[in-house]
Structure formats: C-alpha cells, structure tokens
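Topology and contacts: notes
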Number of protein chains: 2
Amino acid sequence: MPGTTLSRKHVHAVHHKPQSLPSDTLVLFGGDARPVTPDPQLHGGKAASLMTMTKTGLKVPPGCVLTTRMFRLQREDSQHASGLLGRSMRSGIAHIEEATGKQFGFAGTPLLVSVRSGAPVSMPGMMDTILNVGLHDSIIASVAATYGLAFAWGSYLRLIAQMVSLAMDIASPSGELKGCTDLSCPPKDAQEAEERCRKALSILERQGTPFPQDPWEQLSLAVAAVFRSWDSHRCRVYRRLHGISPSLGTACTIQAMIFGNANERSGTGVCFSRDPSTGACRLTGEYLAVGQGEDVVAGIRTPFPLAKKDSHSEQDARMTLEGQLPQVYAELKRTVSELEGKMHDILDIEFTVENGVLYFLQCRSAKRSALCALVSALDFHAEETITAEDVTRRISEQQITQLLKPGFDLEETKRAEESGTRIAVGLPAGPGSAVGRICLDARNAPTDTPWILVRSTTSPEDVPDMVRSVGVLTAHGGMSSHAALVARQMGLVCVTGCEALCIDAAAGHVQIGPVILKEGDWISVDGSTGKVYAGQINRGDAGSAWPLIERTLAVTDALAHMKVEANADTPEQARVARSFGARGIGLTRTEHMFFGFDRLPLIQRLILAEDDHGRAEALKKLEVLQTSDFEGLLSVMDGLPVTVRTIDPPLHEFLPKAGDIAQTAERLKISPARIRRRIAELKEENPMLGLRGCRLGILYPAIPLMQVRSLLRAACALKLRGADPHPQIMIPLTSGPQELHVHRTALQEEIRRVCDASGANVECPIGTMIEVPRAALLAGKLAEAADFFSFGTNDLTQMVYALSRDDAFSFLPEYLKKGIYPSDPFASLDQEGVGLLMEMAVKEARSVKPQMKIGICGEHGGDPASIAFCARIGLDYVSCSPFRVPIARLAAAKAGGK
Amino acid sequence: MPGTTLSRKHVHAVHHKPQSLPSDTLVLFGGDARPVTPDPQLHGGKAASLMTMTKTGLKVPPGCVLTTRMFRLQREDSQHASGLLGRSMRSGIAHIEEATGKQFGFAGTPLLVSVRSGAPVSMPGMMDTILNVGLHDSIIASVAATYGLAFAWGSYLRLIAQMVSLAMDIASPSGELKGCTDLSCPPKDAQEAEERCRKALSILERQGTPFPQDPWEQLSLAVAAVFRSWDSHRCRVYRRLHGISPSLGTACTIQAMIFGNANERSGTGVCFSRDPSTGACRLTGEYLAVGQGEDVVAGIRTPFPLAKKDSHSEQDARMTLEGQLPQVYAELKRTVSELEGKMHDILDIEFTVENGVLYFLQCRSAKRSALCALVSALDFHAEETITAEDVTRRISEQQITQLLKPGFDLEETKRAEESGTRIAVGLPAGPGSAVGRICLDARNAPTDTPWILVRSTTSPEDVPDMVRSVGVLTAHGGMSSHAALVARQMGLVCVTGCEALCIDAAAGHVQIGPVILKEGDWISVDGSTGKVYAGQINRGDAGSAWPLIERTLAVTDALAHMKVEANADTPEQARVARSFGARGIGLTRTEHMFFGFDRLPLIQRLILAEDDHGRAEALKKLEVLQTSDFEGLLSVMDGLPVTVRTIDPPLHEFLPKAGDIAQTAERLKISPARIRRRIAELKEENPMLGLRGCRLGILYPAIPLMQVRSLLRAACALKLRGADPHPQIMIPLTSGPQELHVHRTALQEEIRRVCDASGANVECPIGTMIEVPRAALLAGKLAEAADFFSFGTNDLTQMVYALSRDDAFSFLPEYLKKGIYPSDPFASLDQEGVGLLMEMAVKEARSVKPQMKIGICGEHGGDPASIAFCARIGLDYVSCSPFRVPIARLAAAKAGGK
C-alpha cells in the first residue's frame, strides 16, 4: 500500500485541523483526551481495553486509534482516504506529544511510539506490532544519553528488524541482513547492538532500500504494515477456523513508548488483584526494577515480588516494588483495589513505571486455576458484587472435574515422560488417576494392595472384579465400551483402547512394545489423559475440594430448571450420588445387581432350570436378595425418587463364556452340555436388536414381576417404619403403545397386590425408557400409558445411527478423523439427528400430557453440551453416573430455564 | 323381552291407522308399495337389497321392514315403542295380505311369513331367522290340502323347532324335546314329521309352555327373538373382531313365504348372469322343480341346469327350467340380461317359482374366480360399461397371485389330506407349488430332476444352491428370513419355520414326526399355504394366465401415479422383471453377484489377501466379471434405469462357516489359520449395526470404485454400440450428509474418469438408500447431495423397532398372537412408526428438491397395503422382486394418484 506512505513533507503540506477530523476515524486517549465510550467494533479490542482503563481512571500511556472505519476507507485507496489518514496520524501524534511533553522524532525529549493492530475480535499473536517508531540516526545519541547506550541501540535494532521484516518492501532479505536483524538472538551488549544496527543500515543503503530516517515515513510504513497484516495468510486461516468475518477489519493503535528501564525510578511488572492460584484476597505479582516487559518474558532477568512481605530475603525485599518505590506500590495497590471494586473480577494488570510515574499497559480478567475460579466466584458473590448467574458463567465443568479428580503430580509425570516410564497411551475413558498392581485374573488378585484390572475387554461378568479394583485398563474398546461405561458409573479410573497391550494371561504377563510387566507389578494409570506409566506416581488429594464445590453448586443450583438425578445400582453408589447432590435415582439397572457373586448363580439357575420348580426356587431366592437391595436404595434416597428399571439385557449375558462353562457347571451342578445347549438356544445374530428389555418381561413375566414385588415390599416395609420411599418403575426397550399397556397392566396388578397385602399405601409411578426410535415416533400414544419418560440415549443413538457401540471401533475413529461425524455421538449427543427425534417426542408427549415428567438417563446425562440441549428441549431432569452429578448440576445451572 | 309379545287381542285392541305410521320405523315393499330409496343403515342390508330389486323392476315376495330405528325404540321398552311396534306389524301384515291375496293365520289361503334379521353391515350367519310364522294347528289341514302333507308338517316342525330354540322362553329344553325338534336330522316323510310335531306340542303343553297357536303371538315372539339376537355372545364377538359398532342395531324383515314346492308349476333355482368360473358371457345356473331352496342346500335332491342345452341327457333336459316352464325361463333370461345391463356386474340371483309366477329372492354381485374376475372386468370395460377405475376396484392382488402361481390340484390335495400324506405345515414364505426330490447338500443334488433344498436355515453362501432348486424348505426362520427373502426375490417356492423337521444331514435323512424321508425322496411343497406333502402332487399350469393379466394391467396402469421397478441382481431376473412390466431396476444387490461360484473365491481372496498385490489382483478379476454382469443387466433394461447399489453386507458374510474353512483354505491355497484369524478380526457383536454399507466403502474405497468402474465401463461400451443404458448408483447405509458427500465425490470422480477415457457421455445419477433412521431425520440435508432416495424399509424397520429380522422369531410370534404388534412389520409396513419417519423424510427432501425422485426398494415394495401407503406419502416408485411386479402394478393403480 505504497499510496499511504507519506513523506514528512507531504504530511506537513496538509493543512492540519484536529477539530475537523471525524470521530469515527480517529480517537485520542490518555493525557487530556476526553474519554470516549469504547467500541471494540470500531476501536478494536486493544484500544477499547485501553479506553476502558482511562475511563476507570487508570493512567495509560497516551495514544490514538486509527479506527476500523479508517481501515476500510484506506483500503479503497482514494485520495480522500489517503489525506484523511495523514491528517489523523498528524493529529494523533500532536496529542501524544502534548500529553507526554516529548517530541516525535526530535532529539532532546524524543517521543517514540508503538504501532499495534487491534481487531474487534481477539486474534492473539496473529497480527503485527512495530515498536520504537520515531528512532533514527540523528537522535540515537540523545536517547542514549537518557536511557543508556544499550537501551538506545537495542531499541533501534528492534525497530530496524521489525521494519525490515514487516513494513519495508524487501522481497527476500539477504542472509547477512537476516543475521544482524534476528531478534531471537538478542545482542549481548550495547556494542554488539550498535554494530548490528550499523551493519543493517549499511546493507539496506547498499541494496537501494535505505532505512527511512524520517520518523513520519516510519510511522506511515508501520501503520500500512499493521493494516496489511489483516490479510496475511495466517490471519485468513485463523479467521476461517474461528468463523470471524474478513470484513471486520482491524484498527491501529499508536501509543507512546514508556520505558521501565529509563532510570533507577523505573521498572515494569505484572499483578493480579487476587491470587490466581488460590483465589486468596491479596494483591500478588512480580516487579522488575529498571527493566522492560520483554526482559521478564525472555527470562533474561528474574523478577521479584511486589511486596516486601512476599520476598524470601532481606536483599530481595529491597528489590520489590514496595522496597524500590513505596509510593508507587501504594498507588498500585489502591488503584487495583478500586478497579476490582468496579470490575467485580480478578484483574490481570501489566504496568510500567517510568521515572516514578505509574502507567498501566494492560488490564484484563485474569486466567485462574480451578480452585481460584470457585473460591473467587463465591467470594464475589458473598460480597454481593456478582449474581448467581455470574458465578455460573465464571466456573466451568472442566474446573469441577479437575478439582474432583486430581491427576498425577505434574512434576512426577514430567519426569516419567522424560525417563521413558510412560509405556503406553490409550483412550481417557474414566477420569482421575490410579496406582495399583497389575491383575490379569481376579482369582490371582492381591487382597492387601490396590490393583488395576488389565484385560483385552470386559463384559458384564467382569463387573464384580471391576468393583474391587482401583482402575481398569483394556487393550480394546472405545470411550463407550463396556469397561468405560461401568468405570464411569462407578467412578473408577479407566483407560480403554490401549492397543499396544499384548496380554498373555497364561504366561501371566503383559507386553507393551519391548516392555514386559508381570502380574503384580505396579502401574499408574491416568484416566483423564489415557496415559499409562510403569511404577508408582504420586497423586494429588481427592475429595478435599468437595466442600468448596458443594458451596458453589448451592449457589448455582437455584438457576437450573432441570433436576439432576443419578444412575445408581447399589446403596453405595446411591450414597455417593446423594452426597454429590443428586435429587433422586433416575436409573437403577437391576441386572447389575444380578452380577453380584451371590446372585449370578441364582440368575444362571433361573435361566438354566429344566422345570418350573427349579425356576421358582431360584426366583424366590433372588426375590429375597432384591428386596434387601431395594430397601438399601430406598433408605439411602429417602424422600427422593428411585427409578428401578426392570430386567433389560439379553439372558445370554448372564451365562458363562466358553472358557468358564466347566467351572459354572461344577458350581451349579448342571451338566456342561446343558449350559452349552442353552447358550446356543439364546445365541442371537444381533443381540442389541433381539430378545431383551420389556420383550423379555412380556415373554417371561416372572422376572419383572419378582422385581416389582421386591421393590414394593421394600417400599411398603419402609413406609410402615415411618420412612418416605418413592419407588418408580421403568420399562425398557418399549417400541409401541400396546406393548407398554400390556406390560404396565401386569406390573400394576402386582403393585396393588403387594400394597394390599402389606397395608401400606405406596405410590409407584410406572414409566418407560424412550430408547427405540419407534417409541420416540409414537411418543404421543405412549404418553397415554406412561407416568414418565426417560430417554435412553445410548441405545437411541445406536439405533438412530445403525451403529453398535461394541463394533464402532472398526470405523468410528476413521470417521471422526475425516470429519464425517462431527463428534463421537456416544460422548456428546447428536443434536441434529437423535436430538431432533427427542425434541419431536417431547412435543408429542406434552401435547397429550402437558405436565409429564421427562428426562434422560443415558451416558449423555453427564455431558455438558448434551445437558444444555436437554434443557433447551424442555426435559425435567438428567440422570448420570454419581461421579458426574456435580458437573451435571453446573451444566443444568448454565442451561438455566428457571 | 316379554313386553313386546302381543296377544292377538292386544293387537286388535290397538286402533289401526296405517297412514299414521312413521316411515322411519316401518317400510313396505313388493305388491303395490311405493318404492323407497334403500338405506342399509335404516333398513338393514337384507331389506335394502330387496328394495333395490323392486326398484329395478324385479318381482320380490312382498314384505315389510321394521327398521333399525324401530329396533332402538323398542330397546327403550317404553309404552309408546311397544304400541308402535304392534301397529307396525299389523300394518305390514295387512300390506302382505293385500299383495298376495292370502290371509295371515287363516285357513283357506293361509299366509305364512319369514322373520329375518338385517344389520346395516353384513354379519353372515350370525343372527337369527324364523320361517313359516303363521302356521298353527287349525290351518295345518288347509296348508296340507294346497302343498301336501309332507310340506305342511315339515314346515310346522321347522317353525316349532325354531320357536323353541330361539323365540320361546325355555331355559333348557329336555332331551326329548331336543330330539323331536332337531332339524339337522330331517323327518323321512310326512308321517314322521307329523309325529314329531305332535310330540313336541304335547311336551310343550305338559311343561307349561304351550306352543302359541295365535299367529300374532308367534309373530311378536319371532320379531323379539330376531331383535334380541343382536346381543348374542357370538354377535358381540363378531362385531369386536370386525370393528362393527354395537350401536348400529339390526332391522327385521317380515316377508311372505313363497313355496317352490306348491305344485308342478313351481320350483326354485340360482343363476349367474355370466359364468363365475370362466367369466364366459352366458346365463348359467341350476333349477329344482317342485322344490325349495333348503332341498338344494341340504343336498337331499340334485338340481338340474337352467337351459336344455346345458343338460347332459334328454331326460335331464326335461327337468330344466326351460323344459318345465319355457315362459318363465324366457322371463328369467330377459330380466337377468336387463338387470346386468343396469348393474354392469355379474349377478348372483336366487329365484322361486310358485304356480308359474317368478319371484326373485336375492340379487347380488356374484362371487367369482380369479379368472372370471379378470375376464369379466376386461369384458365390461371393453363394452364401455365400466371405467378403468372400476376394473381396478374389481380385481385384487390375491387374484393375480393365484393366477400367476397355480397351487396344487385341489382334488389331489384333498385326497392327500385325507390319506395323511400331508406331513407338516410351515410358514408360506414363497408362493406357488413345487414338486421335487429332497436335497440336503447341493453336492449330492440330482442333476436330472428338480430338487427341493431342505435345510435348517439358509445363509448367503447357500444362494447358488437355492438358484438351482425348484423350492426351499427350512426348519427355522420366519417369512422374512434369509431363505424367504431370497426365494421371493427369485420366484422360488418356499416354506420356512417348519419346526417339525429334524434334519440329520450325516444320516442323509429328514424326520418329520414318525415319518422318515431319505435324501432323493419326492416331496411336494405348497408355498402359498405352507403345507408339505410326501410324494408328488399334480399342479395347475403356470404362466398361461399371463396374457390376460397383462391386458388387465395395461388398463389399470394408466391410473397409477407410482412406477413399479424391480429388485434384480442378474440379467435373468431383469428379463423376468421386464416381461412382467417393470419400468426399471430399483435395486441391484451387487454382493449377490459375488456369491456366484466363480466370484466367491475372488472376493474371499480380496478379504484374505496379505498384501496390496493380492488384493489388486483379486479386484482386477472381479472387475472383469462385474463389467460383464452390468453389461447384461443394462442390455436387458435398455432405455430404463438400472440402480446398482454398491457393496453392502459386512465382509465376514463372504467368508466360510466354521465347518467349511478347511475346504475354502484348500481351494484358495490359504492357511486355515489365516482364514480363522480374519474371521475373528471381522467378527462383530451386532453386525447389523456394524461395518457395512457405505462405511465399508469409505474405509475400503477400492471395492465400490471397482464396482462403479465396471458399471460405467459397461454403460459406455453399450452407448458406443448405439444402446441406451441408464445406470444409477445407490449408496447404502448412509447416516449423515457429510458421509454421503465424501463418498459421492469419490464415486463421481471415478465416473468422470471412465467416461473421459471411453469417450461416451453417460449420465449416472447417484442416490442413497434411506434405511438408517438418522438418514430419514436428516433427509433435507441429504437431499442436497443425492439425486434420488430409495427407502430400504427392511433395515429401517429393524432400526426403528430395534428388531433384528434374524432374531425376531424368539418373540415376534408371541407378540402377534397377543396383538402387541398389529402385524409383522417386515411383511406389511408399520405405517404409524416407520411410515411416519418416511413421510417426514419425503416432506423434508421435497422442501429442498421438489422434483426429487423418491422410492422404496425394501420387501414392502411388493405388499399392497404398503404400496398404497407409499402412494399416499408421494413416492415416485416402488421396487420389488420381479415376481411381485404384476401385483405391485395393480396395487399402484389402486393407490391411484394420477
């Protein structure tokens, strides 16, 4: 854009009338400039922030903004725009000269300026900045006299380097020129800086592109370069990635350079209005006397604390801001405190002191640790300076996860990475960290130490073994494999799909690449990153953050329309869920109870029985156990709903695998042939689409009737003892209204019988899962025969996508890599497909029963994006694994609706 | 309802004013009664038909109707209704007396009447009728004088018997009373009739329930009985089964008895205006001189033809109507001919002649054979008396099936049933009949005789064996099992789910109950009834009816909006489809081609190859074969679209079963271990929801690209030779827009490459199956990347119901039995669930592309109810198996839309 490069002469030729310049092309700030309402669209984010700072009374280095409108005008390349741009720069510099008492480009009190981009939307590091504009041969001695030789030549070198690479039209700098202007290799001393400057200037002279000695020409070139950088390749890519419109354009900020290294009464620093690690309510930060920000960033010099009391030694204390410039420290402390009182947020402030004068360079909301985020949000809320909505916005689900599930010690993992004890990486399937001994077969499991179950995959029969381990590591399966689902349900640490594992159970060892680990060896598994380490790595403290989380969620809960319930199969899980604030149990998978070591033989006997007598006997024993299970659940959840799903999985899941038939046969005193025959009978091509859910219940009503009897007997007994049980029954895999009606009628009769017999009056609503697409399509008709709906989005996703969770590993990773599916639909709800169907179903159901309770109990119930969607379509509750309850509560609050 | 029983005295006491009776409670017909517009709702079907006959000029025995309104009034049991009913009967009888010149209940010219029910909707045989009302001791002699003793006492016995069982309030008749009034054991002669009458009368007298000698009391009791029968148990059940409202009520018709046995100039008969077996255009029927309808029905006497020329002997000719009463015959012939001219339909007429006077008792549209239905519909249409719409209405899909697929000779099957050679009954899975030798293993199959493949189940590997058999019989699987689907596709006779079969392949025999049949023994299989016979049974002639069907469909096709295409995988199938009038191929399953004996080893090699070289070689050989396959298909369908679906099934379907691994290994020269390993790698928990369809194509693009290349090379070659090929490519199992876009782009590039290389310009639209629920939900977005849609309703039904076709046998029969599902959703489209989803998808797609071609290629494409639904939601075509094309064409015409 050579047309915008103005010579000093040219600028001087233009008649200068500051008052006549339109306010939408030039804005002044700092000094005596009248504060203007910041408008990031017009002024860019950088200048808007500086303007905000001046409005709040902070002293910022004076400057001016060439607005985005100016940007758009100059792109038209018109005579008018060119003139306007020149007049604007002139007027802006005049303002800065007046405010600083310095003069642009003149020895004596030379004014140097920075020229920075500033887009309406932050594009960190994408666009160009040129510092020290205004420095040239004639004034270098004057600058050196004030700031020292090293500073003068160092600043000049920076200007020359930036002008060469960004502003001057030099197609391909020679290696020699590159060498002497390479800022990544800073000059050792003043002498080297001067030598490199002189060399660069002479090369430029020699090759016919002399370095502009006219500061106005420097300024014009710098402004043009900043504007031009909007169209750079990397900016275009960044905008496309982040969906930023290319028509926004950038503003350009020209600001006086302030030198923290000007003299002994100068320095630079960073401070936070509160401690960004702990949230503690005190000014914290670093200060470097006689230094510039770059010195700190480049790590050339080590800064000191701000306050004396924070320093480690007497000597250090002298070097603090308080020690060096006590009045400035006091001013900083007061100003920051006032500012926080206005902003109601932790502030991250950059400042520079030049000759005892404090300037603020940047002021923004501070990045903070999870702990600090919660502590400070609660503190601000307690101070009544922010609302519950603000609290909700200021904290994230990731922060809660982080606080709940501390990972391994960062230093130790770093060392482990370096020393090669990280032996594999799988999928992060159950967050948290676990340290334990390798166990390949639960029969060999050590009883006295924690162990980690290492398997190719897991199946329902492995659940009892999983319960007793501290972590699970599998060679195959994805983030929604059986192992992953069960682990998350139980809060176990889990890594799946660790394909590098070769398990040789017979030899009792595991091979990972060249490493061989024996059963009993220690490993450390990080379920948040998927990393697996040999040996033991120290962990942070789990649970200590819960009181803080609890207090925070107590504030945010009030905003949530949706309740959070939990999926829990045992009193222990229910207890965890309730302690995490679950408002009920949205799903009890009764079959999980059947996998207990004392129940599995009974359900196996039931399935394998040759006659009614055998079946009845097994059923009777199961009933006793289930009744006590339910009594436990209902007791823990006293006063809250407990939703019990009748038997769901295909019966063959309860029978042993081929290798375990002999053992099962012996235990049950049933011939292996009989077991094999029954397994063959129950074999299905596609068990997911076979005899399961309420189909089982309709064909073999004895099982669900036993379950309903157990539940109601437990509830009636509790009621008679003065408790407040709220049992609910949920029917799985319903595919049509008649099916629901038939099944419901049978169950209702059983409920009435138990209540009549016990004399207790227990209400027991009966609802249905909506997990078959047809159920969603016929939701209006199903609503007539259901007291509530719960979307089973795991299965619904499988059917809607024709995608078996167990088999998806064969192509889902490739699909995600190629962007064919935007995300794993088992991890985050597919809103446009599955979600559309859910939305239709909710509408239909509510058109029949406007007050119907509708929720979700799939894995998605713990995923924030999915929870937000559920709130949007009007669900009443989400039910997730106990350990996800806090996260779900926050997500529900964020979704709002109340 | 004793309140409606009126004594003569009571009736006489009512002041009789016929003109004052409301026309909505009593209607008169016959004699001089003014014809009234028949209204079945008010008059009942029976009377409405008689009234129609009088209106068209037929002489019917005079009578009156007590309407359904009268029925409802008398149920209120009010004084008013009781009086009205009495006055109505009186008035009606007065009309009949006047019209016949006889007198009710008086000797001399005694009038007897029938009292019949008549509901608005036909409920054949459900409600009661009482004949000969008015006969009593005092006039029996007079009746005998006119009609003979046997007639008089026989009639009296019938009246007494019907009154006892239906009208008189006798709780439980004694065995003695039952014995003498048992009409199923008719009296031998007048003497026996008289004796049984007298005995019954004396028993009734003795037990205090004397037989009413007052004809008016008889009439009142009879009317009350007819009305009461509306609420009988069997009527209630019938109404519930047929969805008839119980509030309709029944009318009651009182009509003069006409006696075909009055004298020599009397008789009774039935005639059809055309031959109901062949449709031949001539009066045909039977006549019985001096007889009554019951004589013919009871088979006591054998009737003679109507016309002399139809009789077998001179003697018979004398006994024809023409021989006995030539004028009456002429009148009948003329009247029927005139009547058909008005009704434009084949008429079924009952008539009686009393003393030379011809009365018409019934006139209705004749039941007819399939042959007659088509012949007569075409004839009427040719006579321009009925429209194409009428033709469409008058013929059914069942009739076409029957004509296309003649079953076994009826006489022979009857004998087989009686002699016990019917050995089993399974499910009628592929219509038609087949006779062949049992073949358990195709390797033992006789080459010189037809054979029937008998298996437990079939799988894709059995397809080549199925092709070479005349029928398939399986022990397991339903009407949509693999065997059934493939059989219907190929037009093979098929019986599935014949659970009585025990196949012992090793012993080479089949046991069915006590019967053991050896491999090679003859059996006869009826795929329309599911029956299986030992030995050979003669069959009708297939194919001879096709010209007639073709002419009929040529008339009806004009009404159809939807086109009918066919699912065909080979040129042979395409030829059949085209000969049956298919307008294109809607689905070619390319994988079916792979099961050919020369291709299976190639695809197996492809899957088992250890390196790229092996894969490339197998692919190259397959390409040559596929190119020739496609050339064949495109040639046969020249000028019509051929829609080729890229590879769909999971790869493991192409690998051998456990028992065949060794053989395959030897043939391919690949180690059995390698095959076993690959089978294990490809094993899936739920293959239906796994790696198949376009997922395969995206992971292993080489296969679909080879297929596209073959198709386009074939098309280009044909085009260059002057033919008119219309290839189309269809992508299976699409679940989202990005997936379709990626796959389509790759295929389109391949198409362009082939066209560019050959120099031929062949258009090749690319569409997608809609068989995954998500595809239906996202139809609007998919429409942007598809040229056409084809609903794969088989898979769509599986996903929408979460119901695997292969596993449904475990509960679907129970569900159908219990009415939980109204019908097998694989046989007839589930309109409220799957259909709703289809309807939504069509709307969405058309909102994006209003002219988009959308069809269906699932099995439902051949089901009339499903076809009607497809027309209703606006599909453009249905594609079904070649042998279903004629039926689908008729169903499409019935659905109309043009």
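Before any of the text, the structure's been laid out above.
Let me begin by describing the structure that accompanies this report. Every value quoted in this text rests on a predicted model; they were computed, and no experiment measured them.

So, the overall build of chain A
- In terms of regular secondary structure, chain A is built from 37 helices and 31 strands.
- Considered along the principal axes of its C-alpha atoms, chain A spans approximately 110 × 60 × 55 Å.
- In chain A, 68% of the contacts between residues at least 6 apart in sequence involve partners at least 24 apart.
- The centroid of the 96 positive side-chain charges in chain A is displaced by 2 Å from the centroid of its 101 negative side-chain charges.

Remarks on the sheet that holds strand β22 (residues 522-526) of chain A
Residue and element names in this part refer to chain A.
- Reading across the sheet, the eight strands line up as β13-β23-β22-β15-β16-β17-β18-β14 and stay open at both edges, with mixed pairing between neighbours. Strands with a single pairing partner mark the edges of an open sheet, and in this sheet they are β13 (422-425) and β14 (427-430). Adjacent strand axes in the sheet meet at a mean angle of 30 degrees, parallel and antiparallel pairs treated alike.
- Judged from the three bridges that link them, β22 and strand β23 (residues 531-534) form a sheet pairing that is antiparallel. Within β23, the position partnered with valine 525 by the bridge is valine 532.
- Seen against the sheet, helix α18 (residues 410-419) touches β13 and β23 and runs at an angle of roughly 75 degrees to β23.
- Seen against the sheet, helix α20 (residues 482-490) touches β14, β17 (471-474) and β18 (493-496) and runs at an angle of roughly 165 degrees to β18.

What to know about the sheet that holds strand β5 (residues 113-118) of chain B
Residue and element names in this part refer to chain B.
- If you walk across this open sheet you meet the five strands as β1-β2-β7-β5-β6, and the pairing is antiparallel. With one partner strand each, in any of the chains shown, β1 (26-29) and β6 (129-133) form the two edges of the open sheet. Neighbouring strand axes in the sheet, compared pairwise and without regard to direction, differ in orientation by 20 degrees on average.
- Sheet topology places β5 next to β6; three bridges connect them, and they run antiparallel. Each residue of the ladder has a partner; that of valine 113, found in β6, is valine 133.

Concerning the packing of aromatic side chains
Residue and element names in this part refer to chain A.
- Under the defined criterion, the tally for this structure stands at 34 aromatic pairs over all chains.
- Centroid distance phenylalanine 71 to tryptophan 230: 6.3 Å. Interplanar angle 75 degrees. Geometry classified as edge-to-face. On the criterion of sequence distance, the pair formed by phenylalanine 71 in helix α3 (residues 68-75) and tryptophan 230 in the loop between α9 (215-228) and α10 (233-242) is long-range, its members being 159 residues apart. The residues phenylalanine 71 and tryptophan 230 share a single accessibility class, namely buried.

Some thoughts on the interface of chain B and chain A
- Across the boundary between the two partners, chain B contributes 45 residues, which contact 45 residues of chain A.
- Taken over both partners, the interface formed by chain B and chain A buries close to 4200 Å², and the fraction arising from carbon and sulfur atoms is 59%.
- Run the count over chain B and chain A and you get six salt bridges.
- With its nearest N and O atoms 3.6 Å apart, the salt bridge here joins glutamate 832 of chain A to arginine 774 of chain B.
- Counting across the interface, chain B meets chain A through 24 residue pairs in polar contact (both at pLDDT 80 or more).

Some points on empty space enclosed by the protein
All names here are of chain B.
- In total, this model carries three cavities of 30 Å³ or more according to the counting rule given.
- Here the largest cavity is characterised by a volume of approximately 100 Å³.
- Along its surface, the largest cavity is lined by Thr401, Leu404, Lys405, Gly430, Pro431, Ala487, Arg488, Gly491, Leu492, Phe883, Arg884 and Ile887.
- Those elements that provide at least two residues to the lining of the largest cavity are α17 (397-404) and α20 (482-490).
- Residue composition of the lining of the largest cavity, grouped by class: six nonpolar, three polar and three charged.

Overview of the packing of helix α24 (residues 600-608) of chain B against helix α25 (residues 612-636) of chain B
Residues and elements named next belong to chain B.
- Between α24 and α25, the least distance of the axes is 8 Å, while the angle of their chain directions is 150 degrees. When the interaxial angle is binned, α24 and α25 end up roughly antiparallel. The element α24 and its partner α25 pack so that their crossing is left-handed. In contact with Leu602, Ile603, Arg605 and Leu606 of α24, α25 contributes Arg615, Ala618, Leu619, Lys621, Leu622 and Leu625.
- A per-class count over the contact of α24 with α25 returns seven nonpolar, no polar and three charged.

Things to note about α18 of chain A
Residue and element names in this part refer to chain A.
- Taken together, the buried positions of α18 are occupied by Glu412, Thr413 and Ala416. Burial along α18 is one-sided: seen end-on, the buried residues are contained in an arc of 95 degrees. In α18, the exposed residues that point more than 90 degrees away from the buried face are Leu410 and Glu418.
- Buried residues belonging to α18 abut β13 and β23.
- The positive-phi residue at the C-terminal boundary of α18 is glycine 420, with phi of around 80 degrees.

A short note on the relation of the copies chain B and chain A
- Superposing chain B onto chain A takes a rotation of 179 degrees plus a shift of 0.9 Å along the axis, which leaves an RMSD of 0.9 Å. The superposition of one copy onto the other is thereby described by a two-fold rotation axis. Minimal C-alpha separation from the rotation axis in chain B is found for asparagine 686 of chain B, amounting to 1.9 Å.
- Same-surface contact between copies: 100% of interface residues of chain B are shared with the interface of chain A.

About the cut-offs
Residues numbered from 1 in each chain as written. Chains lettered and ligands numbered in written order. Predicted model: local features only at pLDDT ≥ 70, side-chain atom pairs only at ≥ 80, totals over all residues. Heavy atoms only, no water. Helix = DSSP H or I, 4+ residues; strand = E, 2+ residues; numbered from the N terminus. Contact = heavy atoms within 4.5 Å. Lys, Arg positive; Asp, Glu negative; His and termini not counted. Charge placed at Lys NZ, Arg CZ, Asp CG, Glu CD. Pairing = 2+ DSSP bridges. Axes fitted to C-alpha atoms, helices over the stretch in contact; angles between N-to-C directions. Phe/Tyr/Trp six-rings, centres within 6.5 Å; stacked < 30°, edge-to-face > 60°. Buried < 20%, exposed > 50% of the residue type's maximum accessible area, 1.4 Å probe, protein only. Buried area = accessible area lost by both parts, 1.4 Å probe. Salt bridge = Lys/Arg side-chain N within 4 Å of Asp/Glu carboxyl O. Polar contact = N/O pair within 3.5 Å; in protein donor to acceptor, adjacent residues only side chain to side chain. 1 Å grid on protein atoms, 1.4 Å probe; cavity = no way out; pocket = protein on both sides within 12 Å on 5 of 7 lines; lining within 4 Å. Points joined across faces, edges and corners; volume = space filled by probe spheres on them. Nonpolar A, V, L, I, M, F, W, Y, C, P; charged D, E, K, R; others polar. Parallel < 35°, antiparallel > 145°, perpendicular 65-115°, else oblique. Left-handed = near helix turned anticlockwise from the far one by under 90°. Arc of directions from axis to C-beta. Least-squares fit on C-alpha atoms with pLDDT ≥ 70 in both.

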